[in-house]
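# Coordinate inspection notes
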Amino acid sequence: MFVSDILSRKGGLVYTVTPGTTVAQIAQQLGARRIGSVLVMEDTDKVAGIVSERDLVCAVSRHGTAALDLEARQVMTRDVVTCHPDDSIDQVMQTMTTGRFRHLPVVDRGELLGLVSIGDVVKARLEEARHESDALRAYIVAG
Ligand code: AMP
């Protein structure tokens, strides 16, 4: 199974904010949409960074309630690691494990196509394992 299979099911919607969006506004969006991260976009089509719930927790632990007034540009991770639609689920799991993060934007030739989370990846891997065991069982029964 590949990243493109995940995207064909969940679609390509990516929630984004601008570099000036405050931490309070980001927390509100993450809570309301039940998501774990937003991409920070510059000039609508350039990924400037990513802010995940971890960044919000770190900001609050460092600045207390003053963190709520900080802007995305002050708390985001700038070097965003991305994946490609042709990457396998195993490759993506490896990237997330090595990088110690749970969100990967999907980019092809500079175009943002979607975002996969660790939840999407685990779900896809479980489905793949179920198909494999069903196929094995059918093979044994047929034999
Ligand atoms: P997460 O596990 O996704 O909540 O993120 C943990 C940390 O990694 C946070 O500081 C995020 O800003 C950062 N992060 C999340 N996703 C990525 C990514 N695709 N590339 C680089 N950093 C990331």
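Since the structure is predicted, the reported quantities are computational estimates derived from the model, not experimental observations. (Residues numbered from 1 in each chain as written. Predicted model: local features only at pLDDT ≥ 70, side-chain atom pairs only at ≥ 80, totals over all residues. Heavy atoms only, no water.)

### Quick word on the overall build of the protein chain
Each helix and strand in the protein chain was counted, giving six helices and five strands. Each helix and strand of the protein chain, placed in order from N terminus to C terminus, yields the pattern α-β-α-β-β-α-α-α-β-β-α. Its C-alpha atoms put the protein chain at 65 × 30 × 25 Å along the principal axes. Taking all 143 residues of the protein chain together, 35% fall into the buried category. (Helix = DSSP H or I, 4+ residues; strand = E, 2+ residues; numbered from the N terminus. Buried < 20%, exposed > 50% of the residue type's maximum accessible area, 1.4 Å probe, protein only.)

### Notes on the sheet that holds strand E3 (residues 46-52)
Spatial strand order, E1-E2-E3: three strands in an open sheet with mixed pairing. With partners counted over all chains shown, the strands left at the sheet margins are strand E1 (16-17) and E3, one partner each. (Pairing = 2+ DSSP bridges.)

### Some details on the pairing of E3
With five of its seven residues buried, E3 lies for the most part within the structure. Judged from the six bridges that link them, strand E2 (residues 37-42) and E3 form a sheet pairing that is antiparallel. Bridge pairing in E3 places Leu39 opposite Ile50. In sequence, E2 turns back onto E3 through a hairpin of three residues, with Asp43 there showing a positive phi of about 55°.

### As for the site of the ligand
Near the ligand you find 14 residues, and of these Ser52, Asp55, Thr77, Arg102 and His103 are the closest. Take Thr77: an N or O atom from its side chain is 2.7 Å from an oxygen atom of the ligand. A distance of 2.8 Å separates a nitrogen atom of the ligand from a polar backbone atom of Val81. The fraction of the free accessible surface of the ligand (480 Å²) that becomes covered by protein chains is 92%. (Near = heavy atom within 4 Å. Polar contact = N/O pair within 3.5 Å; in protein donor to acceptor, adjacent residues only side chain to side chain. Areas by Shrake-Rupley, 256 points an atom, 1.4 Å probe, with all protein chains shown as cover.)

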